[in-house]
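Chain residues, written in single-letter form:
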Amino acid sequence: MLDRILIIDFGSQVTQLIARRVRENEVYSEIQPFNKVTFESLITFNPKGIILSGGPASVVEIQSPRVPQAVFSYGVPVLGICYGQQTMCIELGGKVEKSNNREFGRAFIDITDSCALFDGVWNKGDREQVWMSHGDRVTQLPPGFRVVGASEGSPFAAIVDDARRFYAVQFHLEVSHTPHGIQLLRNFICNIAGCQNNWTIHAFKKKAIDAIRHQVGSGRVICGLSGGVDSSVVAVLLHEAIGDQLTCVFVDHGFMRQNEANQVINTFRDCFNIKLIHRDASKFFFNKLIGKIDPEEKRKIIGTNFIKIFENEARKLGGADFLAQGTLYPDVIESISTTSGSSVTIKSHHNVGGLPDRMNIKLIEPLRELFKDEVRTLGHELGLPDKITKRHPFPGPGLAIRILGQEITKDRLNILKKADAIYLDEIQNANLYDEIWQAFVVLLPVHTVGVMGDSRSYDYACTLRAITSIDGMTADFYHFSNEFLTSVSNRIINEVNGINRVTYDITSKPPGTIEWE
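Everything quoted here is computed from the prediction, not taken from an experiment. (Residues numbered from 1 in each chain as written. Predicted model: local features only at pLDDT ≥ 70, side-chain atom pairs only at ≥ 80, totals over all residues. Heavy atoms only, no water.)

1. A short note on the pattern of salt bridges
Here comes step 1: Inspection of every chain in the model, using the stated rule, returns 25 salt bridges.
Here comes step 2: Close ionic contact of Lys 205 with Glu 240 constitutes a salt bridge, the shortest N to O distance being 3.6 Å. Highlighted residues: Lys 205 in helix α6 (residues 201–216) and Glu 240 in helix α7 (residues 229–242), separated in sequence by 35 residues.
Here comes step 3: Residue Lys 205 is classed as buried on the basis of its relative accessible area of 12%.
Here comes step 4: Salt-bridge contacts for Glu 260 lead to Arg 257; the nearest nitrogen and oxygen are separated by 3.0 Å.
Here comes step 5: Given a relative accessible area of 9%, Arg 257 falls into the buried group. (Salt bridge = Lys/Arg side-chain N within 4 Å of Asp/Glu carboxyl O. Helix = DSSP H or I, 4+ residues; strand = E, 2+ residues; numbered from the N terminus. Buried < 20%, exposed > 50% of the residue type's maximum accessible area, 1.4 Å probe, protein only.)

2. Quick notes on the sheet that holds strand β12 (residues 276–280)
Here comes step 1: Across the sheet, five strands lie side by side as β12-β11-β10-β13-β14; this open sheet has parallel pairing. Only two strands of the sheet have a single neighbouring strand rather than two, namely β12 and β14 (362–364). With strand direction ignored, the average angle separating the axes of adjacent strands in the sheet is 25°.
Here comes step 2: Two strands pair when backbone bridges link them, and strand β13 (residues 322–324) and β14 are joined in this way by three bridges, in the parallel orientation. Directly across from Ala 324, in β14, lies its bridge partner Ile 364. (Pairing = 2+ DSSP bridges. Axes fitted to C-alpha atoms, helices over the stretch in contact; angles between N-to-C directions.)

3. Describing the nonpolar core
Here comes step 1: Ranked by internal contacts, the top residues of the largest apolar core, which has 71 residues, are Ile 8, Ile 50, Met 88, Val 221, Phe 268, Leu 367 and Leu 378.
Here comes step 2: Sorting elements by how many residues they give to this core places α7 first, with nine residues.
Here comes step 3: Apart from the residues within four sequence positions on either side, Met 88 is in contact with Leu 52, Phe 72, Val 78, Leu 79, Gly 80, Phe 145, Phe 166, Tyr 167 and Ala 168.
Here comes step 4: Within the second largest apolar cluster, 50 residues are counted, among which are Leu 413, Leu 424, Ile 427 and Val 496. (Core = buried A, V, L, I, M, F, W, Y, C linked by side-chain atoms within 4.5 Å. Contact = heavy atoms within 4.5 Å.)

4. A closer look at the packing of α6 against α7
Here comes step 1: The contact between α6 and α7 brings their axes to 9 Å, and the two run at 65°. In this view, α6 runs roughly perpendicular relative to α7, as classed from their interaxial angle. The handedness of the crossing between α6 and α7 is right-handed. Along the contact surface, α6 presents Lys 205, Ala 208, Ile 209, Ile 212, Arg 213 and Val 216, while α7 presents Leu 237, Leu 238, Glu 240, Ala 241 and Ile 242.
Here comes step 2: Here the residues of the contact of α6 with α7 are counted per class, giving eight nonpolar, no polar and three charged. (Parallel < 35°, antiparallel > 145°, perpendicular 65-115°, else oblique. Left-handed = near helix turned anticlockwise from the far one by under 90°. Nonpolar A, V, L, I, M, F, W, Y, C, P; charged D, E, K, R; others polar.)

5. Thoughts on unusual backbone geometry
Here comes step 1: Residue Lys 509 is joined to Pro 510 through a cis peptide bond whose omega torsion reads -15°.
Here comes step 2: If you trace the backbone, Pro 510 turns up in the segment after β18 (499–504).
Here comes step 3: With an omega of 15°, the peptide bond between Pro 510 and Pro 511 qualifies as cis.
Here comes step 4: One can find Pro 511 in the segment after β18.

6. A closer look at the side chain of Arg 391
Here comes step 1: Tracing the sequence through the fold places Arg 391 in the loop between α14 (386–389) and α15 (410–429).
Here comes step 2: Under the relative-accessibility criterion, Arg 391 is labelled buried at 10%.
Here comes step 3: Within the structure, Arg 391 has its side chain in polar contact with the side chain of Glu 260 (distance 2.9 Å).
Here comes step 4: Leave out the neighbours within four places in its chain, and Arg 391 touches Gly 227, Gly 228, Val 229, Met 256, Arg 257, Glu 260, Arg 376, Asp 386 and Tyr 433. (Polar contact = N/O pair within 3.5 Å; in protein donor to acceptor, adjacent residues only side chain to side chain.)

7. Here's the deal with the pairing of strand β2 (residues 28–33)
Here comes step 1: Taking burial as the measure, the six residues of β2 include five buried ones, the bulk of the element.
Here comes step 2: Pairing between strand β1 (residues 4–9) and β2: six bridges, direction parallel. What sits directly across from Ile 7, in β2, is Ile 31.
Here comes step 3: For the crossover from β1 across helix α1 (residues 15–24) to β2, the handedness is right-handed. (Right-handed = clockwise from strand over helix to strand, strands pointing away.)

What is shown is where atoms sit, not what they do.
Below, the structure is given as structure tokens:
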């Protein structure tokens, strides 16, 4: 039986990080909104421990979110984090008040007593760095609790009810800014809740293959293949499960990176012997975008016509029973509102979004339990090459949205492809690719004067973008050396006719976004 940790979400921006941290300890976790948890749902899910997330609300306000009482009567250990601590205290008979001494960012707590949560990590008398983000604070403990940690702004920064195995902390132990937070979380998961480390990608692969075979039976499946990590892993997993019952459709809109379309075809036809239909629609898309400048208009044209072409190719196959899609667990989480708990349509960032209803076809989503890093691990388990499993994210419209503020022409597209290929080649040669979340070149709608040889040039300027990130929600620019940037700049200017100036984007997210359009 798979041991499970339930994470009850109160709307924190880092709730997903809690789930990731639990799974890093090879224990399965799921996130559920606070207002969807009942005693019956707890029995069905059967968690060995429960974690209450942080959240943006103030627990002292009327109608602020509350923990279902079933959580405290279910009989398993409970860990409250930030807002989770505060609502736990309110509901169990303590007090929480607005604080004049708010704590945001790095703080230090004094360990005033020992407890099972701190075992082997923190000792009485220690002073430890943590990360805080709160304006309210606990001012009176519920019956049965004792204080084990205090900070300048939080006299009850860490508390415990040993008899009921209830633990609560005001700080965020799931973020990297709390240096020992992962060890504390491991103590709760493994030592206090008693979970076994039985959630592995190898075990998931076996389970997923069995589930696919059971769901599909003798039916036929089509899969939209883009060459990205998610669709690639879905395709190989399905092929291992059902073989020739799967057909992949690769709609090539012509805006992929240099030689990328051929790489996709060679990998899946030659290496995995997967039935693959390659629909070269580059001329069609190019003609559709003539005269188009607005980035949103470009996106809509590409997205709408992609669906039409994919649908036509599916009809040529004589129909199918299932459409495979690379939905991931973060997509599932984002589809549930923490204020209403109602289910809404999963965000349509996938290339085949909207097709199941149009085609009267069933949906199969074998990766919907996984985070992105787990998908990469699964890809490695399935034998996919590193060039796919470690591939940087790439937008659905491709290079079409990296030709800024101007019409897409063959000349501009070729210029961008060549510059982008040089940039990525230099990153690979410097062994930096795996350190970077995403790297690309943007062709700017600017011509600049230059001197090349003894002649005056008047060519495009481009900018290089490279960022580091955990999940793409926030990002920092990558700190290349001056020598590296000089080398890339020299190669682009010398090897790409049409560019005479190279810049580097040092904007983080926020305030900027990762892509320019």
